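Listed here are the chains, written in short residue letters.
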Amino acid sequence: MSTERRAPLDRKRVADTALRLLDEAGLDGLTLRAIARELDVKAPALYWHFKDKQALLDEMATEMYRRMVAGIALDPADTWQDRTRKANHGLRAALLAYRDGAKVFSGSRFTGTDHAVQMEENLRLFTAAGFTLADAVRASSTAYAYTIGFVTEEQGVHPRPDERREGFDVAERARLLAEFPLSAKAGAEIFEDYDRQFGEGLEIIVAGIAARYGVR
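Residues numbered from 1 in each chain as written. Predicted model: local features only at pLDDT ≥ 70, side-chain atom pairs only at ≥ 80, totals over all residues. Heavy atoms only, no water.

- Looking up the protein in an unreviewed UniProt entry gives the name TetR family transcriptional regulator, with the organism given as Streptomyces asoensis.

A closer look at the nonpolar core
Alright, step 1. Counting residues in hydrophobic clusters, the biggest one holds 34 residues, and the most contacted among them are Leu22, Ile35, Leu56, Met60, Leu95 and Phe105.
Alright, step 2. Taken together, the elements giving at least two residues each to this core come down to α1 (11–29), α2 (32–39), α3 (53–69), α4 (80–96), α5 (101–105) and α7 (133–157).
Alright, step 3. The element that contributes the greatest number of residues to this core is α3, accounting for nine residues.
Alright, step 4. Leave out the neighbours within four places in its chain, and Leu95 touches Met64, Gly101, Ala102, Phe105, Ile148, Val151 and Gln155. (Core = buried A, V, L, I, M, F, W, Y, C linked by side-chain atoms within 4.5 Å. Buried < 20%, exposed > 50% of the residue type's maximum accessible area, 1.4 Å probe, protein only. Helix = DSSP H or I, 4+ residues; strand = E, 2+ residues; numbered from the N terminus. Contact = heavy atoms within 4.5 Å.)

Brief notes about the UniProt feature "domain: HTH tetR-type" (unreviewed entry) in the protein
Alright, step 1. As annotated in UniProt, the feature "domain: HTH tetR-type" (unreviewed entry) corresponds to residues 8–68 in the numbering used here.
Alright, step 2. In residues 8–68, the share of helix is 70% and the share of strand is 0%. The end C-alpha atoms are 25 Å apart. (UniProt positions renumbered as here; feature names shortened; annotations may be inferred.)

Structural notes on the environment of Arg160
Alright, step 1. Position of Arg160 relative to the elements: it lies in the loop between α7 and α8 (170–176).
Alright, step 2. The residues touching Arg160, leaving out its near neighbours within four places in the chain, are Asp23, Leu96, Ala97, Tyr98 and Arg99.
Alright, step 3. Within the structure, the side chain of Arg160 is placed 3.5 Å from the side chain of Asp23, a separation counted as a polar contact.
Alright, step 4. There is a polar contact of 3.0 Å between the side chain of Arg160 and the backbone oxygen of Leu96. (Polar contact = N/O pair within 3.5 Å; in protein donor to acceptor, adjacent residues only side chain to side chain.)

So, the UniProt feature "DNA-binding region" (unreviewed entry) in the protein
Alright, step 1. The feature "DNA-binding region" (unreviewed entry), as given by UniProt, occupies residues 31–50 in the numbering adopted here.
Alright, step 2. Summarising residues 31–50: 40% helix, 0% strand, and an end-to-end C-alpha distance of 12 Å.

Regarding the packing of α1 against α3
Alright, step 1. Relative to each other, α1 and α3 sit at 100 degrees, their axes nearing to 9 Å. One element, α1, and the other, α3, form an angle in the roughly perpendicular class. Together, Arg11, Lys12, Val14, Ala15, Asp16, Ala18, Leu19, Leu22, Leu27 and Asp28 of α1 and Lys53, Leu56, Leu57, Glu59, Met60, Glu63, Met64 and Arg67 of α3 make up the contact between the two elements.
Alright, step 2. Taken together, the residues of the contact of α1 with α3 break down into ten nonpolar, no polar and eight charged. (Axes fitted to C-alpha atoms, helices over the stretch in contact; angles between N-to-C directions. Parallel < 35°, antiparallel > 145°, perpendicular 65-115°, else oblique. Nonpolar A, V, L, I, M, F, W, Y, C, P; charged D, E, K, R; others polar.)

A word on unusual backbone geometry
Alright, step 1. The residue Asp100 is not glycine, and still its phi comes out positive at about 60 degrees.
Alright, step 2. Within the element layout of this structure, Asp100 appears in the loop between α4 and α5.

Examining the side chain of Glu63
Alright, step 1. Tracing the backbone shows Glu63 in helix α3.
Alright, step 2. In terms of polar contacts, Glu63 uses its side chain to reach the side chain of Arg66, at 3.1 Å.

What about the pattern of salt bridges?
Alright, step 1. All told, the structure shown has 22 salt bridges when counted by the stated rule.
Alright, step 2. A salt bridge links Asp16 to Lys12; the shortest N-O distance between them is 2.8 Å. Residue Asp16 and its partner Lys12 are both found in helix α1; the two are separated by four residues, about one turn of the helix.
Alright, step 3. One salt bridge connects Arg160 with Asp23, and the closest N-O pair in it is separated by 3.5 Å. Of this pair, Arg160 sits in the loop between α7 and α8 while Asp23 sits in helix α1, and the two are 137 residues apart along the sequence.
Alright, step 4. Given the relative accessible area of 25%, Asp23 is considered partly exposed.
Alright, step 5. Via salt bridges that share partners, Arg11, Lys12, Asp16, Glu59, Glu63, Arg66, Arg67 and Asp114 belong to a single interconnected network. (Salt bridge = Lys/Arg side-chain N within 4 Å of Asp/Glu carboxyl O.)

Considerations on α1
Alright, step 1. For α1, with 19 residues, the first-to-last C-alpha span of 20 Å runs short of the 27 Å given by 1.5 Å per residue.
Alright, step 2. Looking only at α1, the buried set comprises Val14, Ala15, Thr17, Ala18, Leu19, Leu21, Leu22, Gly26 and Leu27. (Expected span 1.5 Å × (residues − 1).)

This is the structure in structure tokens:
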């Protein structure tokens, strides 16, 4: 009989394993049974820690957030524009680190209060710049929703940065839409150069926030 001691089964170990398996199976293929098999335990053992798959997704999203902000120091010299850009570029990078990362993050609820540290600082920054609290929340939430939606669409084409799903060949799309020349030409703008696309879209959001709330 082996005397090697396994690490105790806890929420973090389960979430870490689930995030690792996410890259292999994607969200649809990620099951509690597969996670239990990887951990060499019976599936019911996981229910001591998570009542269902959504509870696990909540913990996975929380762990993704912890990893995203680990070691990041907020710059007190940031303007609200700087912080909006940094936060959302950082969020996109964090989501792209996992297959279906945006789907896991979207709609999940953080299981702790880790996120409140940066949230509080961001809201202080916005309100000090002249936003009401309600407007600061709306501005931040709009930028966040843009990033989640953008990455969801991006990962629909590129599940991982080095992968591209079949059916998104721009030249083939242009051939099929030859009778619609503008739509055909738009394919290159929709399905290529996501870094540029995201950056330009985020600048539209930043400019829109400034225009809507009259804050510079």
